[in-house]
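# Report on the structure
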Amino acid sequence: MILLILPVIGAILTYFFKEKTARITALIFSIVQLFINGYLLSQFDFASAAIQFYSSYKWFDEIGLYFTTGIDGIAMVMIILTNIASFLIILSSWDNNHKNINSFLSLILIMQSSLNGVFLAYNGLLFYIFWELALIPIYFITGMWGGENRIKITFKFFIYTFLGSLLMLLAFIYIYINSNGINTFEWENFINLELSKNESTILLWAFFIAFAVKMPIFPFHTWQPDTYSVAPAQGTMLLSGIMLKMGIFGMIRWMLPLAKNTCSCNLNIFMILAIAGIIYAAIIAIMQNDIKRVIAWSSISHVGLIAAGILTLSKNGIQGGILQMFNHGINIIGLFMAAEIIERRLNTRSLKEMGGLALYAKGFAFLFMIVLLGSVAVPLTNGFTGEFLLLNSVFNYSTIWGVLSGLTIIFCAVYMLRVYQLAMFGESYHKENIFSKLSWSEYVTLGIIACIVIVTGVFPNLLLNISDISVNSILTIIE
Amino acid sequence: MEIYIPLVIFLPLVGFIISGLGARFLPKNILGILSSSTILGSFVCSLLLFRHIYNGGNVVYLNMFNWINAGNVSIDFSFLADNLSVWMMMIITGVGFLIHIYSIGYMHSDIGFGKFFSYLNLFVFMMLVLVTGSNYVIMFFGWEGVGLCSYLLIGFWYKNTNYGYAARKAFVMNRIGDLGFLIAIFLLFNNFGTTEFKYIFSSNQSVSKTAIEFICIMFFIGAIGKSAQIPLFTWLPDAMAGPTPVSALIHAATMVTAGIYLIARSSILYIDTTIAANAVMYIGLATAIIAALTALKQNDIKKILAYSTVSQLGYMFVALGVGAYTTAMFHVTTHAFFKALLFLGSGSVIHAMGGQQDIRFMGGLSKKLKITNITFLLGTLAITGVPLLSGFFSKDEILSKAFYGNGILVFSLLAITSVITAIYMFRLYFLTFKGNFRGTEEEKHHLHESPATMTIPLIVLSVLACVGGILGLSSLFSHNHFISSFLKNVTYDKHIPHPSITFEFTIIAVSIAVLAVIIYLCYNKFSKNYSSNNEDANQNSLSKLLSNKFYFDEIYDFIFVRPILNISELLYSFIDRNFIDRIVNFSGTLVSFGSNNLRKIQSGKLEYYLLAMVLGIVSFLILIQIV
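Computed from a predicted model, the values in this text were never measured in an experiment.

## Observations regarding the overall build of chain B
Looking only at helices and strands, chain B has 26 helices and two strands in total. Each of the three principal axes of chain B carries a C-alpha extent, and together these read 115 × 65 × 55 Å. Looking at chain B residue by residue over its 627 residues, the buried ones come to 54%. Partitioning the contacts of chain B with sequence separation of at least 6, the portion at a separation of at least 24 is 81%.

What follows is the structure, given as structure tokens:
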């Protein structure tokens, strides 16, 4: 509960402060939030399959809306990601020269609250409310502080994801109507319902489209590269680092358990889309010239692999998927941070107008390299363990698909090293050194990310252990 | 004994951290000495481990912690020191130490001195992880790690865009092989449920032969990438963009032999395969010949040595293919000595020439670079297989194993390759060190022998290159084959009969005769009256093919690189923007079109609203009745 309320208080306070005070307030609140998260983790029972810290309050019990929240292992990983990432995002905005920085930061805090809510909710309608609530701040962040064409692109993004989530709402209402008189949206009631095969299939598709748009999975992705490139850096980080995980999380928590009674052929179609997306996006990423777009396309490719792994419905796949959600969140925030650091100095995102930056910023080059290697999934960085488990599960599921998804490790090396080459190496594009030193907040943000990349790469079990039991129980529900 | 394993492995990592952090404030010499001494410490520890194993001690295991644990995948972060890994450890740290010392002199005026040593230490660490990992996943970690260090070091002089391209090419081509390795690991999980060596190699469970074949083929694909065999070998010549000590350590002595180590390590799986073993042999054979032919027409001193490395690796794969795993390891060892020597020698030459690498503009360097000259000559003699030097014994053993293990065809092709090797090596030697100096005046003044930090490693390596053959004397000289008796607990050689005495004598006699002829011819052609114009003038189509490296790069560019770039453009600008996004936007347009029409309904006229309301209520009531 506190996780939800605290950022809102923070947001309100931040809104009333000006400039520096606002920055400090927001930062303090995100740190406190982290501590609370850490406290919860220390109280968390790793060996228990039950939903922990469970609480349920009546809200509109006439329509089955309860304020039911709880944390299982999967949600725990997600809120750790959310709170670390929010802290990093707020920290990364320290040097932003936005107008109305107070409202910018308070929107981020509201965002943090609703994202936490999405992962904590154990009531379908509550989940939906938080899901939509998260859309509003990001809409304003992108719409007000974004780049060129922001209105048009944000509007498209909004409509796109909104339509997707409408399908989800319909699916929830449908289950609610068919819940045999137990008028509730509670998760625990939902999973015990026995729906017919046809019903399940329709629900499955409705959920899938809602979640696929958010992630996004090919071919529901066309809003993503535009939105990522036009949004301000912090907006992009929120979108890619945390928000897209809502979709994947939704698949694990809601789609698979609720629509379990369906033909696996549907899941196979989803997997084909996911794997097609891996290759499709990776190939496109090779030739992009805008650094943020390369990262955006790489994200589609990586997320496709996560989805494919989870859809194998194997322990390895889901565990790998959860681990990789965390890793992807951290890595992509690092990558966008690096892009932002470059853009702040050169005022361009075009790779053609960079080059030779390693000469001026050795520390930055080093940190950027570590984050990049995490994304390329070199062993002992976080990306490797996740990708290893995911590819292993897809390969066990189907040899051909495993090999096709495996191409990602080649393509990823191609486009990521190209970015690094064009940005950091080679002759300097600018005659004189206009690349000033990194500020402390930039160093700290990237430094923390680089540390997380290495630590979770060496000790992935730290995260895998948290979600281990919960994945087992999810799998028993699905079976 | 357990304590020595982490010491061996992690001392270089300590060196990496020291030289990485100390780059700013430590003086260069101290930095170089610190970083080299960590490798020396690692070498001493591996000697101690060697003594332990040699005296019949048990295999040493070290399990640090459980690395990945999810579902049925459980991977320990564990290492082992058995005969094979101890052997590799000694090569890596021994040669690595000499090359570190050499680098102190070679890199002394480079601004990236600290960075260079930290990368070099990191590489040694990764390479040690590769050879000591006690399961295939840890091995893969080292495998990718050395690829990364190779990338960093090839692109070390990052201001040059071509170097950066070469580095990326190396990394990506390695990654293609790595995918094969990864698939092999997945197959192991499927069939054995684990990747620990001790379970796989001792497992009596019935894993089907086809599965083993597949696993071995996939491992071999990994080896093709890392050890630069056809079709993934074109990165290695380009990798010469890196500083010369890097070429010596990574691209000659250690990293590129990782593929040989992998197959020798899995010898128990390979020994029963037919397709995989044949693939190993024939690809090795083809690579040996093609690379040697290409080396004939190259003019860059390092490129010649690079193609020579590719060719020698091909020899090793032939040995692996016929089932003579220890023979391959023997050649790995001697090759590490003489090829590191040759590369370091070429580095000394380039150092003296102020960066010039084209041998057409050298000549007569023997007068100024006395030590380099002698050591380089010894290296040349060793690689060309002059009897009693190290290269002779290991090559001779490969030839005889090929003869007795496979047949006359493979044998004679390898023998011809040896002849070609001798030709390009002596061409290289004579053009560089004999005849008249053909460079500019400025270069002529600049000529000087390298400092002691560079010449001492040269001398040590040349001694090793000469006497390294003792490790595996052929049956003619001794019955105690040191390497094969040391490694036989780990690598399982196929039984191949020992060569007869006549065979041995014939080989020695023929090789002396042929070498004498080649040396004479090369001396005449490339030393006495050489002019680069001559060579360019009579270019026939064959030599054109050779000097263009069989057009491998162009063909790859045509088949793979450009199509993928084109598809990328096409997918983005045509399919994605024009097709998928159009559909999305079209549905958007449809909605706004619809809403424009719908808006007319809200005309503000009250009667319409009333009508709509009544209709609504009526239909609602009807609906309720029906339900």
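## A look at the overall build of chain A
Each helix and strand counted, chain A has 19 helices and two strands in total. Taking 479 residues into account, the globule formula puts the C-alpha radius of gyration at 23 Å, and chain A, at 21 Å, falls close to it. The principal-axis extents of the C-alpha atoms in chain A amount to approximately 75 × 55 × 45 Å. Counting over 479 residues, chain A shows a buried share of 60%. Pairs at least 24 residues apart make up 81% of the contacts formed inside chain A by residues separated by at least 6 positions.

## Section: the interface of chain A and chain B
With 40 residues of chain A in contact, the opposing surface of chain B contributes 41 residues. When residues of the side of chain A that touches chain B are traced back to their parent elements, those giving at least two are helix 12 (264-286), helix 14 (315-346), helix 16 (382-397), helix 17 (399-424) and helix 19 (461-478) of chain A. The element contributing the most residues to the side of chain A that touches chain B is helix 17 of chain A, with nine residues. Looking at side-chain class alone, the side of chain A that touches chain B contains 24 nonpolar, 14 polar and two charged residues.

## Side note on the confidence of the model for chain B
Counting all residues, the mean pLDDT for chain B is 83, and 90% of those residues have values of 70 or more. Here the prediction assigns the complex a pTM of 0.89, and the interface score ipTM is 0.89.

## Focus: unusual backbone geometry
All names here are of chain A. Between M215 and P216 the backbone carries a cis peptide bond, its omega angle lying at -15°. With respect to the secondary-structure elements, P216 resides in the loop between helix 9 (197-214) and helix 10 (223-230). Omega for the bond connecting F218 with P219 falls within 30 degrees of zero, at 0°, which places this linkage in the cis form. Here P219 shows up in the loop between helix 9 and helix 10.

## Notes on the nonpolar core
Considering soluble globular proteins, one finds that nonpolar side chains tend to be buried as a cluster. In terms of nonpolar packing, the biggest core is built from 388 residues, with F207 of chain A together with F123, V318 and A340 of chain B touching the most fellow members. With 18 residues, helix 6 (residues 161-192) of chain B is the largest single contributor of residues to this core. The residues contacting F207 of chain A, other than those within four sequence positions of it, are M168, A171, W254, M255 and A259 of chain A.

## Quick look at the environment of S511 of chain B
Residue and element names in this part refer to chain B. Within the secondary structure, S511 is located in helix 22 (residues 501-528). With 124 residues separating them in the primary sequence, S511 and P387 have C-alpha atoms 7.8 Å apart. Here S511 is in contact with G385 and P387, once residues within four sequence places are set aside.

## Overview of the packing of helix 3 (residues 73-92) of chain A against helix 4 (residues 101-120) of chain A
Residues and elements named next belong to chain A. Packing of helix 3 against helix 4 leaves a shortest axis separation of 9 Å and a crossing angle of 175°. Regarding the angle of helix 3 to helix 4, the classification is roughly antiparallel. Counted together, A75, M78, I79, T82, S86, I89 and I90 of helix 3 and L105, I108, Q112, L115, N116, F119 and L120 of helix 4 form the full contact between these two elements. Classifying every residue of the contact of helix 3 with helix 4 by side-chain character gives 10 nonpolar, four polar and no charged.

## Examining helix 15 (residues 362-376) of chain A
Since the α-helix packs 3.6 residues into each turn, any two residues three or four apart lie on the same face. Taking 1.5 Å as the rise per residue, helix 15 of chain A with 15 residues should run 21 Å; its terminal C-alpha atoms sit 21 Å apart, in good agreement. Looking at the packing, one finds that the buried side of helix 15 of chain A touches helix 13 (291-311), helix 14, helix 16, helix 17 and helix 18 (440-458) of chain A together with helix 5 (136-154) of chain B. Remark: A377 of chain A follows helix 15 of chain A within two positions and exhibits a positive phi of approximately 65°.

## Considering the environment of V86 of chain B
All names here are of chain B. Secondary-structure assignment places V86 in helix 3 (residues 83-106). The exposure class assigned to V86 is buried, which follows from the 29 C-beta atoms found within 10 Å. Between the C-alpha atoms of V86 and L49, which are 37 residues apart in sequence, the distance is 6.8 Å.

About the cut-offs
- Residues numbered from 1 in each chain as written.
- Chains lettered and ligands numbered in written order.
- Predicted model: local features only at pLDDT ≥ 70, side-chain atom pairs only at ≥ 80, totals over all residues.
- Helix = DSSP H or I, 4+ residues; strand = E, 2+ residues; numbered from the N terminus.
- Buried ≥ 20, exposed ≤ 12 C-beta atoms within 10 Å, placed from the backbone.
- Contact = placed C-beta atoms within 7 Å.
- Rg over C-alpha atoms; globule rule 2.2 N^0.38 Å.
- Nonpolar A, V, L, I, M, F, W, Y, C, P; charged D, E, K, R; others polar.
- pLDDT = per-residue confidence, 0-100.
- Core = buried A, V, L, I, M, F, W, Y, C linked by C-beta atoms within 7 Å.
- Axes fitted to C-alpha atoms, helices over the stretch in contact; angles between N-to-C directions.
- Parallel < 35°, antiparallel > 145°, perpendicular 65-115°, else oblique.
- Expected span 1.5 Å × (residues − 1).

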